[in-house]
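Here are the chains, one letter per residue:
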Amino acid sequence: MSDTIAVPSKLPATSGRYRISDHLTSFGPLIALAALLLIGGLINESFLSSANISNVLTRSALIGIIAIGTTFVITAGGLDLSVGAMSALVAGLMIMFMNAVAPTLGAGSLTVLAGILFALLLGTMAGLVNGLLITRWRIEAFIVTLGTMGIFRSLLTYLSNGGAISLESGLRSTARPIYYGTLFGIAYPIIALAILAIIGEFVLWRTRFGRHCAAIGSNAAVARYSAINVSRVRIATYILQGLCVAVATLIYVPRLGAATPSTGVLWELEAIAAVIIGGTVLSGGYGRIWGTIVGVLILGLIQNILNLTSWFSPHLNGSIQGAIIILAVLMQKGRAAR
Amino acid sequence: MCSTTIPHRIGRPTSALVQCAAQVGRQGMTLLRTNSIRKSFGPVEVLKEIDFTVSPGEVTALVGENGAGKSTLMKIIAGYEKPSSGHLLVDGSDVFFETNVDAEASGIVLVHQEFCLIPHLTVAENIFLGYEPTRSRALDYAAMEQRAAILLEELGSTIHPRTLLSKLAVSDWQMIEIAKALSRRPRLLIMDEPTAVLGHHETDHLFERVDRFRQDGGAVIFTSHKLDEVKRLADQTAILRDGRIVTVAPTSSLTEDEMASLMVGRPLSDLYPTKHPKPDQTAVLSVRELEVPGYVERASFDLKKGEILGFSGLVGSGRTELFEGLFGLRPAHCKTFAYQGRGRHLPTPREAYQMGMAYLTEDRKGQGLLLEKSLGENLTLLKGALVGGTVIDLKAERAELDRAITTYEIKAPKPSARVGTLSGGNQQKLLIAKTLLAEPDVIVFDEPTRGIDIGTKQQIYRLIQSLAAAGKACVVISSEMQEIIGLSHRVMIMRQGRIVGEVAGDAMNEDEIVRYAVGLKEAPIHV
Amino acid sequence: MLSSLRSLLGIGAMALATVAASSSIALAEKAKIGISIPAATHGWTGGLNYHTKRTVDALRKAYPDLEFVITTADSATKQVNDIEDLVAVQKINALVVLPFESDPLTEPVKEAKKQGVFVTTVDRGLSEEGIEDLYVGGNNPEYGRIAAEYFKTKLKGKGKVVVMRGIPTAIDNIRIDAFKKALDGTGVQVLDMQYANWNPDKGFEVMQDYLQRFPQIDGVWAGDDDAALGAIEAINQAGRDKGMIVLGGSGMNKVIKRIMDGDKLIDADIFYPPTLIIPAIGATAMKFATGAPVSGRWVLGSPLITKENAEQYYFPESPY
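Only a predicted model underlies this, so the values are computations on that prediction, with no experimental measurement involved. Each chain carries its own residue numbering, running from 1 in the written order of its sequence. Whichever chain is written first becomes A and whichever ligand is written first becomes 1, with later ones labelled in order. Where totals are concerned, whole chains, interfaces and linings use all residues; where local detail is concerned, this predicted model gives features only for residues with pLDDT of at least 70, and gives and counts side-chain atom pairs only at 80 or more.

1. Considerations on the sheet that holds strand E22 (residues 498-504) of chain B
Residues and elements named next belong to chain B.
Link 1 in the chain: For two strands to be treated as a pair, DSSP must find no fewer than two bridges joining them. The way it works is that DSSP assigns letters per residue, a run of H or I at least four long becomes a helix, a run of E at least two long becomes a strand, and they are numbered from the N terminus. A sheet is described by the order of its strands in space; here six strands give the open sequence E18-E19-E20-E15-E21-E22, paired in mixed fashion. Of all strands in the sheet, those bounded by a partner on one side alone are strand E18 (357-360) and E22. Ignoring strand direction, the axes of neighbouring strands in this sheet form an average angle of 20 degrees.
Link 2 in the chain: Of the pairings in the sheet, the one linking strand E21 (residues 490-495) to E22 comprises six bridges and is antiparallel in character. Bridging across to E22, Met492 finds its partner in Glu502.
Link 3 in the chain: Across the sheet, helix H16 (residues 454-469) touches strand E15 (308-313), strand E19 (442-446) and strand E20 (473-477), and the angle it forms with E20 is around 150 degrees. Here the axes come from fitting lines to C-alpha atoms, over the contacting stretch only for helices, and the angles between their N-to-C directions go from 0 to 180 degrees. Think of it this way: build a C-beta for each residue from its backbone, and any pair within 7 Å is a contact.

Written as structure tokens, this is what we have:
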């Protein structure tokens, strides 16, 4: 093309690999996690036992799976406050469906499978509702999902009359292994979390869809001018979130075998907190799943450690949790400051 | 000694002593002197031994290629950066600026190339941001708006101080930035590419204002890639190359060609490449009665294979909106639209891309590039995955990036750098690389050389020429008359949303075009 | 204690029957009765809402001249607003209120009283004496004491127990204090008291962590049946159900069923049902419908429910 201007003497070395070093500044959450593990181990010998770690990981898997979807939504510049209420409603409807279908299909795996598919369908539809309201009618995501949060939860309360919606005992035993079962000693929920996290990270960083999410969150106008269908991608993130909620819910239901009005309360805040602690930027444009998982673990470990000690009055649990969250985010200040 | 006509500093108490000193400063002493200023960012040395002086009532032009160090130097003088070594002297004594606030206290104010304005505040609020006048603790809106109106009027602008910034055009933002700087009553006004986004009229008004400022004893340092402007406005010109000052001389002693050569370091061949002779007559794109509600009405034209079609007109004439409408980025409708001879409806952005149409936006920061992301990511954002449809082939992407860096000579600290850290010219080159990566057949270049130095401009002109020679169809929208004339086979002129004229051959000269542009002549196209 | 509840219901039933039999008894007065209760956020309040609605429906049918307005609130602030609206806008003649918290609700209820409204408080009192005309409530100190007695008996005077507290409120404090007091000086050691907020999910998690922490636990007081159910799941998962004693509270029908079926893990409950709203509303309605004298203070007992008497406390239709 041009011959009159000298070519710059230094050309960058070629490397096509995903560069970890590009993210060196943001290892803060891992440090926080390591610190918590250390503190926990010092406080109580049983902390580092496989049983305790398994418990915490399994419990965290629920929020963790939800938070994978949340990472996508936030990266694309959106927000979904309805996930906790969505989970409650999906749980309730799923149980009612399974109870209703059991007489025909029996109290065995077939019904449970039907219930699982039903839950996934519900999650997709709920996500679609959120997505359409936000993109088609251009309403703020905060407002829409605040609204659907209220709607979902009150629907569940109405259906349950304020009480619990419970699985028939036969179904309960069939479904029980979903939460309590293990494969090679690792609980199923943990395996599910791991698989979904790996897939999620791959999609976010190595597929066009993931790139588009980050582009939209970074600058939606630029995305539009780059021929990206912004609405379609946004709706997809909300549907993805709905699916994640459904998966988390179908894992949760066998735990207690019931859905109550207090199911899923504050889960949305925990999911969002985990995502932010993990390093995803709240205003969108940059997200990472591995960070989210670390964030979820940090939250779960804090609760666990506080339960394992009587040093602090339980009234202060909330303050300690809040303080640690702020600390974890402060440690990442280097990356965040613009 | 102290004159009674000294202006009152807005919002801050003045001491008579400060004003006296200012008055003394004006009487012939050197206002600013840089003494062996050096600046390095890590291992990269950006400024080497900068020595020059600025006197009151003097306009200095800083001229140089992209990356020569002009912006860095201005930021140091204005207190936004600290020199790695060397110092500044103001009025003969050493000064140290911790932040720009210190510099502003010494009377040095910088007008940024990137805007530091807040879209959801009004013009007046923006101008006085941080220095708001108050009356018994409450914001004095009346005073703010009044003073803002005066400042804007002095700049020849008709913007109402209560307008929300988000409703104004890019050129207005620039004028407001300048008004903001002037509101601080500077002694030394530094402007980084002030006319990059301004049209002719606004540029004229600005230069008038600068003249008056100079007569009042103020000093100005500015940069511009438009060498004719440098000749027009500057008393002395300093030419930077690779971080060094190559020459400081009275502007009258340098011709534009000499300036350009010194900038680049070798003699320049002709700026505009020879035009490919008569393009094809086959229309690759035709549109009739295109309407973009609120911006464009009844626009009709044909674009021929292998031609470079120029679109000229005053800022705000609707050129950008016309093509945004054509590309589905804005609501639009038309009577007929034909592409490659086949009639169809106006495309969505995705369809346009798939058909082989590409639009290079004039707003590279807001609509063209993701400033927070790396070069590679930006480069392939339009074209998308390079393997299959879903998974990204990082190796292939990296190879494309290397190729683009070489072909367009994009200077970046490292390929994974954030695009926001690149200089304006390199950003523009990346944007061009991104747009052309998809190998489109029709390319619309909207202000392709805005904020780019001479050497790079040449590159881009050659590029556009070669595209046309290869049979692509190009549209060039530009506010630089010479550029449009030098590049295009024919030029359409727009005014207030309508195409008012078309010129080619001998009629393609500045005079004719301006006539159409300002409404002295009109010959609506009948196609 | 129990008999007073029974007799209250009895009075109510008789009155209903009487009226049904002879519809020509003149009503003492036409009236509008406002009911302000907490919203159905967890099991117990769910049951509360259920029984409230059920009672109101029945009373509406029986006494067409009585109007009822039900409001539910999920916070003390909302409840204050509800009461103010009931008095000023709805112009009620009587108020049946289950205060979210005693302190913030005292002023608005006092105001209502000043306006001539007949006030019935349920379950919790106000922070000032003498405002209400009728009080129908459970016995929180007894609740805590019964729980302590249960463990003393079951563990034969010594052992280690863990406790789960409820939502941080006044009644939780009263119960816990009574519990601690009753265990003073005995050989029963309380290992820890974390908050499970009367919530099955929290109960599950807290119990899991307790089991991790303490290699030996003889008993768990979960605070109420919701949390107890969660705790049971955790205990089963850890395989430590042998020799473990679980106690909840409030009389949830699921748990009562388990007691009736002779469950090994949980064989007792503490009576503190949401059905106590029934006599409160019923008696208030009576006052206006028949002129029956209903002022006073009725404290319902919180006896221990065991396999022997579980049948009497079983309401399978209730959501709680």
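2. Observations concerning the interface of chain A and chain C
Link 1 in the chain: Listed as interface residues are 24 residues of chain A and, on the opposing side, 28 residues of chain C.
Link 2 in the chain: Elements represented by at least two residues in the side of chain A that touches chain C include exactly helix H2 (50-75), helix H5 (141-160), helix H11 (230-256) and helix H13 (289-308) of chain A.
Link 3 in the chain: Here the element with the most residues in the side of chain A that touches chain C is H2(A); it accounts for four residues.
Link 4 in the chain: Note that Gly is not counted as nonpolar here; it falls among the polar residues with everything else outside the nonpolar set of Ala, Val, Leu, Ile, Met, Phe, Trp, Tyr, Cys and Pro and the charged set of Asp, Glu, Lys and Arg. Taken together, the residues that form the side of chain A that touches chain C break down as seven nonpolar, 15 polar and two charged.

3. A closer look at the confidence of the model for chain C
All names here are of chain C.
Link 1 in the chain: Mean pLDDT over chain C stands at 85; residues scoring 70 or higher make up 91%.
Link 2 in the chain: Per-residue confidence from the predictor is given as pLDDT, running between 0 and 100. When mean pLDDT is taken per element in chain C, strand E8 (residues 219-221) scores highest with 94 and helix H1 (residues 2-21) scores lowest with 51.
Link 3 in the chain: Low pLDDT, under 50, characterises residues 19-26; the predicted model gives this stretch three contacts beyond four residues in sequence or across chains.
Link 4 in the chain: At the level of chain-chain contacts, confidence expressed as ipTM amounts to 0.79, with global pTM at 0.77.

4. With respect to the nonpolar core
Within soluble globular proteins, side chains that are nonpolar generally end up buried alongside one another.
Link 1 in the chain: As used throughout, a nonpolar core is a set of buried Ala, Val, Leu, Ile, Met, Phe, Trp, Tyr and Cys residues joined through C-beta atoms within 7 Å of each other. The burial criterion counts other C-beta atoms lying within 10 Å of a residue's C-beta, which is placed from the backbone; the residue is buried at 20 or more, exposed at 12 or fewer, and partly exposed between these limits. Formed by 276 residues in total, the largest nonpolar core has its most connected members in A:Ile66, B:Ile464 and C:Ala231.
Link 2 in the chain: Ranked by residues supplied to this core, first place goes to H11(A) with 16 residues.
Link 3 in the chain: Throughout the structure description, domain borders are defined by an automatic or database domain assignment. Counting contributing residues, this core receives three or more from each of domain 1 (28-138 + 274-301) and domain 2 (140-270) of chain C.
Link 4 in the chain: Other than its neighbours up to four places away in sequence, C:Ala231 contacts C:Gly203, C:Phe204, C:Met207, C:Val220, C:Ala222 and C:Val246.
Link 5 in the chain: B:Leu62, B:Ala68, B:Leu73 and B:Met175 belong to the second largest nonpolar core, which has 67 residues in total.

5. A short note on the packing of H2(A) against H13(A)
Residue and element names in this part refer to chain A.
Link 1 in the chain: For the pair H2 and H13, interaxial distance at closest approach is 9 Å and the crossing angle is 145 degrees. Like other packed secondary-structure pairs, H2 and H13 cross with a definite hand, here right-handed. Mapping the contact onto sequence places Val56, Arg59, Ser60, Ile63, Gly64, Ala67, Ile68 and Thr71 in H2 and Ile289, Thr292, Ile293, Val296, Leu297, Gly300, Leu301 and Asn304 in H13.
Link 2 in the chain: Looking at the contact of H2 with H13, its residues break down into nine nonpolar, six polar and one charged. The crossing is said to be left-handed when, going from far helix to near helix, the turn is anticlockwise and less than a right angle, and right-handed when the turn is clockwise.

6. What about the domain arrangement of chain C?
Many descriptions give the size of an interface as the accessible area lost when the pieces come together.
All names here are of chain C.
Link 1 in the chain: Structurally, chain C comprises domain 1 (28-138 + 274-301) and domain 2 (140-270).
Link 2 in the chain: Using only C-alpha atoms to locate each centre, domain 1 and domain 2 end up separated by 31 Å.
Link 3 in the chain: Each partner contributes to the interface: domain 1 provides eight residues, whereas domain 2 provides twelve residues.
Link 4 in the chain: Counted by class, the side of domain 1 that touches domain 2 contains one nonpolar, five polar and two charged residues.

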